[in-house]
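If you want the building blocks of each chain, they are given just below.
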Amino acid sequence: MERLENIGDWLLIRLKNLRSIDKFSLSLFLIAIILLSVFVLLPVFSVVLNAFIEPNGEIGLQNFVNLYATPSFRRGLINSIITASFTLVATSAIGIPVAYVMTRYVFRGKKIFTLLTILPLMIPPFVGALALVGMMGRNGIITNFLQDLLMWLGLNISLEGGLILPNIPGIVFIQTFHLWPLIYLNTSASLSKIDPTLEESARNLGSSGFTLFRRITLPLALPGFAAGALLVFLWSISDLGTPIMLNFTEYSVFQAFNELTIQGGYREMSSVISIVLTAISALVLLLVNKYVGLKEYATIRAGAAPKSIQKKISSKLSLIVVFFLSVLIIFSIIPHLGTVVMAFTERPHYGEWIPRGVTLEYMIEALADPRSSLSIVNSMVYSLLASFAGIFLGASIAYLLVRKKFPGKSILDMISTMPFAIPGIVIGLGFIYMFSQPIIGNFRLTSIWYILVIAYSMRRLPYTVRSSHAVLKQVHTSLEEAATNLGASKIKTFTSITLPLIMPGLVAGAVLIFITSFTEVSTSLILQPLVGPFGAYARPLTLQILLLAKGGPAAIRVASCLGFIQIIVTSIGLYITNKLLGGKAGLAFGG
Amino acid sequence: MVYVKLENLEKSFGSIVAVDNISLKIEESEFFTILGPSGCGKTTTLRMIAGFYKPDKGKIYFNKKLINRLAPEKRNIGMVFQNYALWPHMNVFKNVAFGLEMRKIPNEKIKSRVKTALDLVNLGGLGDRTPDQLSGGQQQRVALARALVIEPDVLLLDEPLSNLDAKLRVEMRTEIKKLQKNLGITTIYVTHDQKEALAVSDRLAVMGNGKIVQVGSPLEIYTKPANKFVASFIGLINLFHGKISKINKTNVWIKTNEGLDLVSSSLENVREGIEVILAVRPEHIEVHPQDFVSKKANIANGIVESIEYLGDLSRYNVKTQYQLINADQYSPSVEKSFKIGEKVQISFEKEHVHLIDIP
């Protein structure tokens, strides 16, 4: 009997909670749930479902068997996992020491390096790969330079095929020099938050040097490192731009993409591969969450961290540190330099490595072609709309999560963070399954450009929810109550207190969606073939760059010009975010 | 001037009753404190007066006006929050001016009134600073100025001193008290710090478990605690449980459960044979060498178990054959002091033995 009464109490409280949610919040909740269901849950569900539809139309595991039985698919999957693992190891090997040095030591030129370390993130990965191939690929300037150097040294080694090859090391190289700041930024965020007394007390008890680092410092910094590592792994395994640029076909994402877009491809195989990739991502996410804990899961945080220990180092040691950091930065900005060189210098003849002169020829060509110049405008419009939509939805969800108590809250929380672990190809594929059927006559939802806006905003939803969540949490309710108490109405309180306080966070979130959408590869490429009769003029920038990059040496130069514009826009966006978030923009950045 | 009347107020959160049927009247210009341990419902009561919580039952009046349904922004109450709630995106001037802007006061007037308010709390000239450039004490003053500048009918203070260090706390409470007396604003102050409550209040209410336990002046509350809860919550006190053995016109004799015979002169409601609790403050208990001939009514022998030296007094923990007894010796000196383990005699007057919790 007593138990029954308890259940009755529990139900009563539940019902009260449901009634206690006001109409405004309830409608926000319903809108959010409907949008998330239609544009995240159902597409993902349809991909899963289609993975089980066999070639003969029956439901079964045949597709998975085929995946396993086809050697190239099997290799693709193994290659993807190996690549992601190697990239993770390489980025960690660079990121952790840099994080330690940057948070713990004071040395000459440290300020400049703090700025420079964010450079790799400023280049859209797609463009970075393009430039690296141009510089270090076959007949690239760096390749030719090294070839001459080898000849001069009397070494008879041929670099004919280029330094970056369509294989695992090539992809790992490109990904590593793009992604290492994610490890660095997240780890150093954790490191700088460590209370100095925690290490001091370990010293006091007799621990020092590497033991101190291993037993105390590293475990404390682990949540930050894990967050960064997760970003890198998920980014790498779902990376479509790099394998396309290198034309490395034995890579799962690329294979899924090909099955979907190439004539005679088998769409269901694409679903199967995507599902397996998603499962791997989800598994890694769960494992990391279980064994490390992601309490600081790539948080965007404003405000000062507690003072940590910073040691001055000797000028000799400081020289070594500066030397290694410089080498790292030089490697990291090859893509930037490469883009500029390829966009603004004339092509050298075969085997030459000195550019033949500065030219605006390619830039003019890029701007003169309406498909190219419009693609810039298109991407700006799509991304801008996506960031408006995303921030509105993200802020509404964050508001409900932070301020309201209602049943179904944890479900909302879960669904809105889901896109984080879902590769872009799954969203793209799901949209095709869900929305490519004609609705009226010949009209399809996927045949108009705003399908891209929807895809972009859904894909980046976790970022906006998180950034809004962070700022909303900082606005203590008593700040609002103080205004109400002094005679401000609800609307006045919102406009003069709440909004100005959360604005920087909202704008930062919006800019982040803008940047990531502006450089988005997977959904841009997958959803494009369906973009209507004026398709060629509705292309997003990334698609136009890809098409040009596949069009021969002169077109690659034009592609670089578009890439250059992309870098400039991204840099401005990143600069704004950085200002608004107090130098922590990189933390929110990734895949 | 405004008086505040609470009638049978009740408020629950889920299955927890936070405020349980309380009634109070706070007089015009009175400095009234609600004192109680954390979770007793004092802040909930304050927030109902401010309008942030709607009472489940009961009525709140300002003078004769029922304000239950009045929105918080219409109540003309100044409130100082525990965390001050200064807006970080506005400077000191703008923080203080906000309430006046809401009241559509012309700009010129706002300027002069904000200046007056800032001068009042000794912050003249700091109007351009942002809250994060101020010390804790200064932030507290800004919060106070912001609440006072609107010339509120009632001032509510929600543990305003709890974030300050000990010395500043004492300074600020004196200052707040002085300001309140000068301005004559009806003030309700919520705190869990009994010393603070005794120091500033005209009257105070002690709350426990959502109920008002006792209302009175600080002196009344301290010297005549209504029950065991109030007695042990406010100050340190020695409690004896016992039975009344004899009564005459001037005295009551009690035998404690441990067997100690005590005499008291408090005769209210006493009957022979009933069980009572006796309360004696440590400052009323004297400590002497064991061979001392005391003229006081109540005497016991014991051994010093521990000593706390607090500067203005030494607090002796004396182990008698009956129970442990705290005794304070004022202006202690090296000559007069006792040592741990020393045999002593303690004694106290019958006037200082209070009978509480009389059934």
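Bear in mind the structure is a predicted one, so any value in this text is a computation, not a measurement.

Reading the values: rules and limits
Residues numbered from 1 in each chain as written. Chains lettered and ligands numbered in written order. Predicted model: local features only at pLDDT ≥ 70, side-chain atom pairs only at ≥ 80, totals over all residues. Heavy atoms only, no water. Helix = DSSP H or I, 4+ residues; strand = E, 2+ residues; numbered from the N terminus. Buried < 20%, exposed > 50% of the residue type's maximum accessible area, 1.4 Å probe, protein only. Contact = heavy atoms within 4.5 Å. Areas by Shrake-Rupley, 256 points an atom, 1.4 Å probe, with all protein chains shown as cover. Phe/Tyr/Trp six-rings, centres within 6.5 Å; stacked < 30°, edge-to-face > 60°. Lys NZ or Arg CZ within 6 Å of the ring centre and 35° of its normal. Domains from an automatic or database assignment. Buried area = accessible area lost by both parts, 1.4 Å probe. Polar contact = N/O pair within 3.5 Å; in protein donor to acceptor, adjacent residues only side chain to side chain. Nonpolar A, V, L, I, M, F, W, Y, C, P; charged D, E, K, R; others polar. pLDDT = per-residue confidence, 0-100. Pairing = 2+ DSSP bridges. Expected span 1.5 Å × (residues − 1). Salt bridge = Lys/Arg side-chain N within 4 Å of Asp/Glu carboxyl O.

Engineer: Provide a residue-level description of the overall build of chain A, including the pertinent values.
Structural biologist: Along its length, chain A carries 26 helices and four strands. Of all 591 residues assigned to chain A, the portion counted as buried reaches 53%. Residue pairs at least 24 apart in sequence account for 78% of intrachain contacts in chain A once pairs closer than 6 positions are excluded. Total accessible area on chain A stands at roughly 27100 Å², and carbon and sulfur atoms take up 69% of it.

Engineer: Hey, could you go over the packing of aromatic side chains for me, with residue numbers and the actual values?
Structural biologist: For the coordinates displayed, the defined rule picks out 21 aromatic pairs over all chains. Consider the rings of A:F431 and A:F435, whose centres lie 5.3 Å apart with planes at 90 degrees: the pair is edge-to-face. On the criterion of helical spacing, the pair formed by A:F431 and A:F435 is a turn pair, its members being four residues apart in helix α19 (residues 424-435). The pair A:F431 / A:F435 is uniform in exposure class, with both members buried. Geometrically, the ring pair formed by B:F240 and B:F348 is stacked, given 6.4 Å between the ring centres and 25 degrees between the ring planes. You can see B:F240 sitting in strand β11 (residues 238-247) and its partner B:F348 sitting in strand β19 (residues 343-348), a full 108 residues away along the chain. Note on B:F348: relative accessible area 3%, which makes it buried. An aromatic cluster is built from A:F39, A:F431 and A:F435, whose rings are joined through pairwise contacts. The ring of B:Y53 is capped by B:R47, whose NZ or CZ atom sits 4.7 Å from the centre of that ring.

Engineer: I'd like a description of the environment of A:F564, backed by residues and values.
Structural biologist: All names here are of chain A. In this fold, F564 is placed in helix α26 (residues 553-581). Taking the C-alpha atoms as reference points, F564 and A395, separated by 169 residues in sequence, lie 32 Å from one another. When residues no more than four places from it in sequence are discounted, the contact partners of F564 are T339, V340, F344 and M363.

Engineer: Which residues make up the domain arrangement of chain A, and what values go with them?
Structural biologist: Residues and elements named next belong to chain A. Partitioning chain A into structural domains gives domain 1 (21-50 + 360-591) and domain 2 (78-197 + 219-359). Each of domain 1 and domain 2 has a C-alpha centre, and the two are 24 Å apart. On the side of domain 2, 52 residues touch domain 1, which itself brings 52 residues to the contact. Interface area, domain 1 with domain 2, both sides summed: about 5000 Å², of which 73% is carbon and sulfur. Scanning the region where domain 1 abuts domain 2 turns up six residue pairs in polar contact (both at pLDDT 80 or more). Listing elements by their share of the side of domain 1 that touches domain 2, those giving two or more residues are α2 (23-51), α16 (361-368), α19, α21 (461-474), α24 (522-527), α25 (541-549) and α26. The biggest single contributor to the side of domain 1 that touches domain 2 is α26, with 16 residues. In terms of residue class, the side of domain 1 that touches domain 2 is built from 32 nonpolar, 15 polar and five charged.

Engineer: Give a detailed account of unusual backbone geometry, specifying residues and quantitative values.
Structural biologist: All names here are of chain B. If you check the backbone angles, N8 has positive phi at about 45 degrees while not being a glycine. Along the chain, N8 turns up in strand β1 (residues 4-13). Among the residues examined, N8 registers a relative accessible area of 41% and is labelled partly exposed. A positive phi angle, near 40 degrees, is found at E159, a position not held by glycine.

Engineer: I'd like a rundown of the confidence of the model for chain B, residues and numbers included.
Structural biologist: All names here are of chain B. In this model, chain B carries an average pLDDT of 90, and 100% of its residues clear a pLDDT of 70 or more. The secondary structure element of chain B with the lowest average pLDDT is strand β20 (residues 354-356), at 87, and the one with the highest is strand β3 (residues 31-35), at 96. With a pTM of 0.76, the predicted complex shows an ipTM of 0.74.

Engineer: If you had to explain the pairing of strand β13 (residues 261-264) of chain B to someone new, which residues and values would you point to?
Structural biologist: Residue and element names in this part refer to chain B. In terms of strand pairing, strand β12 (residues 252-256) meets β13 through four bridges, oriented antiparallel. Bridge pairing in β13 places K255 opposite D261. Counted along the chain from β12 to the antiparallel partner β13, the turn is four residues long, and its residue G259 has a positive phi close to 105 degrees.

Engineer: Would you mind going over helix α7 (residues 125-136) of chain A in detail, with residue names and values included?
Structural biologist: All names here are of chain A. With twelve residues, α7 ought to run about 16 Å at 1.5 Å a step, and its terminal C-alpha atoms sit 16 Å apart, in line with that. Across the twelve residues that make up α7, a large majority, ten, are buried. By the burial criterion, the buried members of α7 are P125, F126, V127, G128, A129, L130, A131, L132, M135 and M136.

Engineer: Describe the interface of chain B and chain A, with residues and values.
Structural biologist: The interface is formed by 21 residues belonging to chain B together with 18 residues belonging to chain A. Carbon and sulfur atoms make up 66% of the area that chain B and chain A hide from each other, which totals about 1800 Å². Run the count over chain B and chain A and you get one salt bridge. For A:E481, the salt bridge is made with B:R47, and the minimal N-O distance between the two is 2.4 Å. Linking chain B with chain A are eight residue pairs in polar contact (both at pLDDT 80 or more). For the side of chain B that touches chain A, the secondary-structure elements that each account for two or more residues are β6 (77-80) and α2 (92-102) of chain B.

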